[in-house]
Protein chains: 2
Amino acid sequence: MSVRDAVDPWEALRGLPMGQRIELSDGRGGVFVGSVVPRHELSGERILILKLESGYNVGVRIGAEASYRLLEPTPTPERRAEPRSPAEGGPHAAGRWITLLATGGTIASRIDYETGGVRPVREEREILAFYPDLGKSGRVRIVPVFDRLSEDFVPADWATLAEKVVDAFRDGAEGIVIPHGTDTLGFTAAALSFLVRDLPGPVVLVGAQRSPDRPSSDGSSNLAAAAAVARDRRIGEVVVVMHAGLSDTRFAIHRGTWVRKMHSSRRDAFESRNGPVLGEVENGEVHLSGPVRSAAAGPARAELPLDDRAGLLWFYPGLDPHRAEEFVRPLRGVILAGTGLGHVALRHLGWIRAATVRGILVGMTTQCLAGDSDPYVYATGRDLLRAGVLYLGDLLPETAYAKLVWALGRSNDPAEVTRLMREDQVGESPGRHPARGEPA
Amino acid sequence: MSVRDAVDPWEALRGLPMGQRIELSDGRGGVFVGSVVPRHELSGERILILKLESGYNVGVRIGAEASYRLLEPTPTPERRAEPRSPAEGGPHAAGRWITLLATGGTIASRIDYETGGVRPVREEREILAFYPDLGKSGRVRIVPVFDRLSEDFVPADWATLAEKVVDAFRDGAEGIVIPHGTDTLGFTAAALSFLVRDLPGPVVLVGAQRSPDRPSSDGSSNLAAAAAVARDRRIGEVVVVMHAGLSDTRFAIHRGTWVRKMHSSRRDAFESRNGPVLGEVENGEVHLSGPVRSAAAGPARAELPLDDRAGLLWFYPGLDPHRAEEFVRPLRGVILAGTGLGHVALRHLGWIRAATVRGILVGMTTQCLAGDSDPYVYATGRDLLRAGVLYLGDLLPETAYAKLVWALGRSNDPAEVTRLMREDQVGESPGRHPARGEPA
């Protein structure tokens, strides 16, 4: 049935049931085949959102010249694999589920076609409307936790998420997926790595660099890959799953403490900076290659409370020592992102020494974001060491900050906090790098 | 003549003239052929420093079992190429020189073998002793400017260097080489890009990731490559020359505003983050491939004074808005390194709006260190834009800060400073990236 409404085509199109497959011509050369996605109060007038066969969504402006025809629903291929035994590293046993802790972010956002910007979706049914494939490979429970963009997260939110992870495992989930804004996804992944221990299954953070109703959205494919990883019983750590390279079907599995967002818009923006990727997902299959931490017997437990009297300060030429001192004064600890092997100007030695004497932890990382920080190569490093600075090897500044928020919550004794910071806790510092600045 | 001293071999070895070639056996299996390098008051007792045939230096501890024999000097091959015409892009005309502005840093440092640390060398004769090949391909003038490690640089030092560059060109140099500590080399390269204009030749910053008296030093080869670039009359901008990849003979030429140190210890630590490398040096030949700015007629001029009432603040989850406000209060401008496309938590909107109303420039960059910052994709970006934040595209945070230090020095009028920051000045923002967060 081809329809050219004598009246406004928008009047007919807006009334189509959700999920109806259509072929839509916008009358300006664009032809789209897909299913109608529910509209929102914020969608622009005369914008129809279609989920294309590719999984991408597109918003089409419906002018007077638009036409469409109704299509039959697509038959869904049944691709349910025979469950393998958990001992064989099979993806999942029948009857278990993964729990999705929804937090907001691009992966759960949509374009507001009136302003051109992106806003978070707030309800479970919206998430399922955008990701109808999510439940196909096994049971999924959805627990809305937050509905915000990740730049608004604070450490207290990491504590809330840690508790929800423990709850979900206690309730029987075999793995957890946390869709999360990509802006601070690396921070949260690092924080959860320290805050939740004895994981009986994977905790998988996943984001999208494009919102789900945009033609190029990566949310659907990322989420499917994350769900596959969350069902993998070989994994007992916090990981991040995002696109690898430019392939549409390859996804990298990053250790939560090694990963960093290294591009503002590319789909493959996330990189493991100081260690290998743990594995990949290709065409739905999980291939592990790195030093993966095995699942623990459980039960998972949260190491709380955390203490957010921590700071992260990036050094630069011209940073005023008085400003730095003021910045650090109310804190129990600060991570410095120093230059090179972990240096700051020597005129900062005074406040640093005074701070460490007061029991404030001053941890050193490198703003190079790769390679070790090392106090033994240059005179500056030895001076800083003598001033009480704790060198943190190749920890990313962000990971070191997340670790500090955890460690400060464990003890009020500066010596104990230092000991916790120095130790490898969850594979974040397995000592792969030479202690001295030897040729790389 | 093989010598086994009946008395302590150290007594004979310490008296050898500088430059004497010897074959040295340390009596513990090590045999070294090289020239004696001058000792320093800080060299450990019983440590002889040899420049090996490879160009690397090594410190050998002289025990009672050491022996040596004297060798003839190595004949120096004369590899002086026929000068090509400048119009053909030839490397240099006869009779001109390059000026080396020595600033300190690893490239002009040596190991203190007693402490195992590295200290800067302070005198021209030490630099020439370490880099005897420097003058072979043309005349070199050496002007010591500083003798410090680069983490101790402040913006006022950038002004001093800018003036020295102008002086050197005025005195007739065809190009400038600035050996510089690698820690803040990227900052200085960006700052000089804005501070010195109408360059009649190249200004080449170069560093070393290993001190010149260590076996794996890259200083000698980096400096030779930098000298070759400094003699290339096709180039009229500030560049950084450092090792490219793992090759011993390939060096990358980076635009000063695009380069960043991305590893704390690798020789190839420097990367052009948001643009192509401008070219390479291979076996002493300069190959240009990128969008190189041509040499100007000159004379070079310094745009001074600068104004260091600028700051650089990296956002993180948990950054206290009051701390950020205090940090910014005494400044005329601040560069924020935001998350993703250039975001900070919305609870920071208050102080940001108050600051911009007071005429403080608040510039936004991305801590991803690649890709654009862009206020039009998310609601957060539009809120920040309305609060008066200036989005700076894909400028590195460090480059944006250096540009701000320059721009604040040009005008006391906030609108004029904003205009200067928005404009492409020296090829730092040629608008290669899409303005919107489109698929990459």
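Cut-off values and rules
Residues numbered from 1 in each chain as written. Chains lettered and ligands numbered in written order. Predicted model: local features only at pLDDT ≥ 70, side-chain atom pairs only at ≥ 80, totals over all residues. Helix = DSSP H or I, 4+ residues; strand = E, 2+ residues; numbered from the N terminus. Buried ≥ 20, exposed ≤ 12 C-beta atoms within 10 Å, placed from the backbone. Contact = placed C-beta atoms within 7 Å. Arc of directions from axis to C-beta. Domains from an automatic or database assignment. Least-squares fit on C-alpha atoms with pLDDT ≥ 70 in both. Pairing = 2+ DSSP bridges. Axes fitted to C-alpha atoms, helices over the stretch in contact; angles between N-to-C directions. Core = buried A, V, L, I, M, F, W, Y, C linked by C-beta atoms within 7 Å. Parallel < 35°, antiparallel > 145°, perpendicular 65-115°, else oblique. Left-handed = near helix turned anticlockwise from the far one by under 90°. Nonpolar A, V, L, I, M, F, W, Y, C, P; charged D, E, K, R; others polar. pLDDT = per-residue confidence, 0-100.

Asks: I would appreciate a short explanation of the overall build of chain A in the present structure.
Replies: Looking only at helices and strands, chain A has ten helices and 24 strands in total. Looking at chain A as a whole, 55% of its 440 residues qualify as buried. Pairs at least 24 apart in sequence give 71% of the contacts found in chain A among residues at least 6 apart.

Asks: Could you clarify how one ought to interpret helix H8 (residues 379–386) of chain A in this entry?
Replies: Because an α-helix packs 3.6 residues into every turn, residues spaced three or four apart end up facing the same way. Residue and element names in this part refer to chain A. Inspection of H8 places Thr380, Gly381 and Leu384 among the buried residues, and these make up the whole buried set. Relative to the axis of H8, the buried residues are bounded by an arc of 100° and lie together on one face. For H8, the elements touching its buried residues are helix H7 (349–357) and strand E23 (361–366). Following H8 by one or two positions, Gly388 has its phi on the positive side, about 100°.

Asks: Would you mind going over the domain arrangement of chain A with me for this structure?
Replies: Often the size quoted for an interface is simply the accessible area lost on bringing the parts together. Taken as a whole, chain A is organised into domain 1 (2–70), domain 2 (94–302) and domain 3 (310–422). Each of domain 1 of chain A and domain 3 of chain A was reduced to a C-alpha centroid, and the two centroids are 56 Å apart.

Asks: Hey, could you run me through helix H6 (residues 321–328) of chain B in this one?
Replies: Among all positions of H6(B), only Ala324(B), Phe327(B) and Val328(B) are buried. End-on view of H6(B): buried residues confined to an arc of 90°, all on one side of the axis. On its buried side, H6(B) packs onto helix H6 (321–328) of chain A together with strand E21 (310–314), strand E22 (333–338) and helix H7 (349–357) of chain B.

Asks: Quick question: what am I supposed to make of the relation of the copies chain A and chain B here?
Replies: The two chain copies are related to each other by a rotation about an axis together with a translation along it. Between the two copies, chain A and chain B, the superposition gives an RMSD of 0.1 Å; the rotation angle is 180° and the shift along the axis is 0.0 Å. When the rotation and shift are considered jointly, the pair of chain copies conforms to a two-fold rotation axis. Nearest to the rotation axis, the C-alpha of Trp314(A) is located 3.3 Å from it, this being the minimum over chain A. Comparing interface residues between copies, 100% of those in chain A also lie at the interface in chain B; the contact surface is shared.

Asks: What's the story with the sheet that holds strand E11 (residues 175–179) of chain B in this structure? I'm lost.
Replies: Residue and element names in this part refer to chain B. One open sheet holds the eight strands; their spatial order is E10-E7-E11-E13-E14-E15-E18-E19, and the pairing between them is mixed. At either margin of the open sheet sits one strand with a lone partner, and together these are strand E10 (139–144) and strand E19 (285–288). Geometrically, the sheet is characterised by an average inter-axis angle of 25° between neighbouring strands, direction not taken into account. Sheet topology places strand E7 (residues 97–102) next to E11; three bridges connect them, and they run parallel. When the bridges of E11 are listed, Thr99 appears paired with Ile176. Helix H4 (residues 185–195) contacts strand E13 (203–206) and strand E14 (238–243) of the sheet and is inclined by roughly 155° relative to E14.

Asks: Honestly, the nonpolar core in this entry has me stumped. Any pointers?
Replies: Inside soluble globular proteins, nonpolar side chains tend to come together where they are buried. Counting 215 residues, the largest nonpolar core has Val204(A), Val229(A), Val241(A), Val204(B), Val229(B) and Val241(B) as the members making the most contacts within it. The contact partners of Val241(A), leaving out residues within four places of it in the chain, are Val204(A), Val206(A), Asn222(A), Ala225(A), Ala226(A), Val229(A), Phe251(A), Ile253(A) and Val281(A).

Asks: I would appreciate a short explanation of the interface of chain A and chain B in the present structure.
Replies: In this assembly, 56 residues from chain A lie in contact with 56 residues from chain B. For the side of chain A that touches chain B, the secondary structure elements donating two or more residues are strand E9 (118–120), strand E21 (310–314), H6, H8 and helix H9 (397–410) of chain A.

Asks: Sorry, what's going on with the sheet that holds strand E24 (residues 390–391) of chain B here?
Replies: Pairing between the strands of a sheet comes from backbone hydrogen bonds, and it takes one of two forms, parallel or antiparallel. Residue and element names in this part refer to chain B. Strand order in this open sheet of four strands is E21-E22-E23-E24, and the pairing throughout is parallel. Taken across any chain shown, the strands that pair with only one partner, and hence form the sheet edges, are E21 and E24. Here E22 runs beside strand E23 (residues 361–366); their pairing, made up of six bridges, is parallel. Counted as the bridge partner of Ala337 is Thr365 from E23.

Asks: I would appreciate a short explanation of the pairing of E7(B) in the present structure.
Replies: Put simply, side chains in a regular strand alternate between the two faces of the sheet. Residue and element names in this part refer to chain B. A large share of E7 lies buried, amounting to five of its six residues. Of the strand pairs in this sheet, E7 and E10 are connected by six bridges, and their pairing is parallel. Counterpart to Leu100 in the pairing with E10 is Ile142.

Asks: Whenever I open this one, the environment of Arg301(A) confuses me. Can you help?
Replies: Residues and elements named next belong to chain A. Tracing the chain through its elements places Arg301 in strand E20 (residues 301–302). For Arg301, a count of 16 C-beta atoms within 10 Å corresponds to the partly exposed category. Taking the C-alpha atoms as reference, Arg301 lies 15 Å from Gly409; in sequence the two are 108 residues apart. Contacts of Arg301, omitting those with residues within four sequence positions, involve Val166, Arg197 and Asp198.

Asks: Mind showing me how you'd approach the packing of H6(A) against H7(A) here?
Replies: Packed helices, taken two at a time, are described by their axes: the angle between them and the distance between them. Residues and elements named next belong to chain A. Orientation of H6 relative to H7, taken along the N-to-C sense of each, is 20°, at an axis distance of 9 Å. By the angle class used here, H6 and H7 are roughly parallel. The element H6 and its partner H7 pack so that their crossing is right-handed. The residues of H7 that touch H6, namely those facing Pro321, Ala324, Glu325 and Val328, are Gly350, Trp351 and Ala355. Looking at the contact of H6 with H7 residue by residue, the classes come out as five nonpolar, one polar and one charged.

Asks: Explain unusual backbone geometry here, please?
Replies: Apart from glycine, the bulk of residues carry a negative phi angle, and the bulk of peptide bonds sit in the trans form. All names here are of chain A. In this structure, the amide linkage connecting Gly298 to the following residue, Pro299, adopts the cis form with an omega of -5°. Mapped onto the elements, Pro299 comes out in the loop between strand E19 (285–288) and E20. The omega angle of the peptide bond from Leu304 to Pro305 is 0°, so this bond is cis rather than trans. Tracing the backbone through its elements, the reader meets Pro305 in the loop between E20 and E21. Despite not being glycine, Asp198 has its phi angle at roughly 55°, a positive value. One can find Asp198 in the loop between strand E12 (196–197) and strand E13 (203–206).

Asks: What is the right way to read the confidence of the model for chain A from this model?
Replies: Keep in mind that low pLDDT regions are not for reading the predicted coordinates in detail. Residues and elements named next belong to chain A. Per-residue pLDDT for chain A has a mean of 84; in total, 80% of the residues score no lower than 70. In this model residues 1–5 is a low-confidence stretch, pLDDT under 50, and it forms ten contacts with partners more than four residues away in sequence or in other chains. Here residues 75–94 is a poorly scored stretch, pLDDT under 50, and it has 17 contacts once near neighbours within four places are set aside; other chains count. Scoring of the predicted complex yields 0.79 for pTM and 0.79 for ipTM.

Asks: For this particular structure, what's the right way to read the environment of Glu428(B)?
Replies: Residue and element names in this part refer to chain B. Here Glu428 is to be found in the segment after helix H10 (414–422). For Glu428, a count of 25 C-beta atoms within 10 Å gives the class buried. Taking the C-alpha atoms as reference points, Glu428 and Asn274, separated by 154 residues in sequence, lie 9.3 Å from one another. Discounting residues that sit within four places of it in the chain, Glu428 has contacts with Ser193, Thr257, Leu395, Thr399 and Lys403.

Asks: Explain the packing of helix H3 (residues 155–170) of chain A against helix H4 (residues 185–195) of chain A to me, please; I cannot follow it from the model alone.
Replies: Residues and elements named next belong to chain A. Two numbers describe how H3 lies on H4: the axes approach to 10 Å, and their chain directions differ by 55°. One finds that H3 runs oblique with respect to H4. For the pair H3 and H4, the crossing hand works out as right-handed. Residues Trp158, Ala159, Leu161, Ala162 and Val165 of H3 touch H4, and the partners they reach there are Thr188, Ala191, Leu192 and Leu195.

Asks: What should I look at first to understand the environment of Ala190(B) in this one?
Replies: Residue and element names in this part refer to chain B. Relative to the helices and strands, Ala190 is located in helix H4. Ala190 gets classed as buried once you count the C-beta atoms within 10 Å, which come to 31. Between the C-alpha atom of Ala190 and that of Asp372, which follows or precedes it by 182 residues, the distance is 18 Å. Sequence-distant contacts of Ala190, that is, excluding residues within four places in its chain, are made with Gly256, Thr257, Glu398, Thr399 and Ala402.

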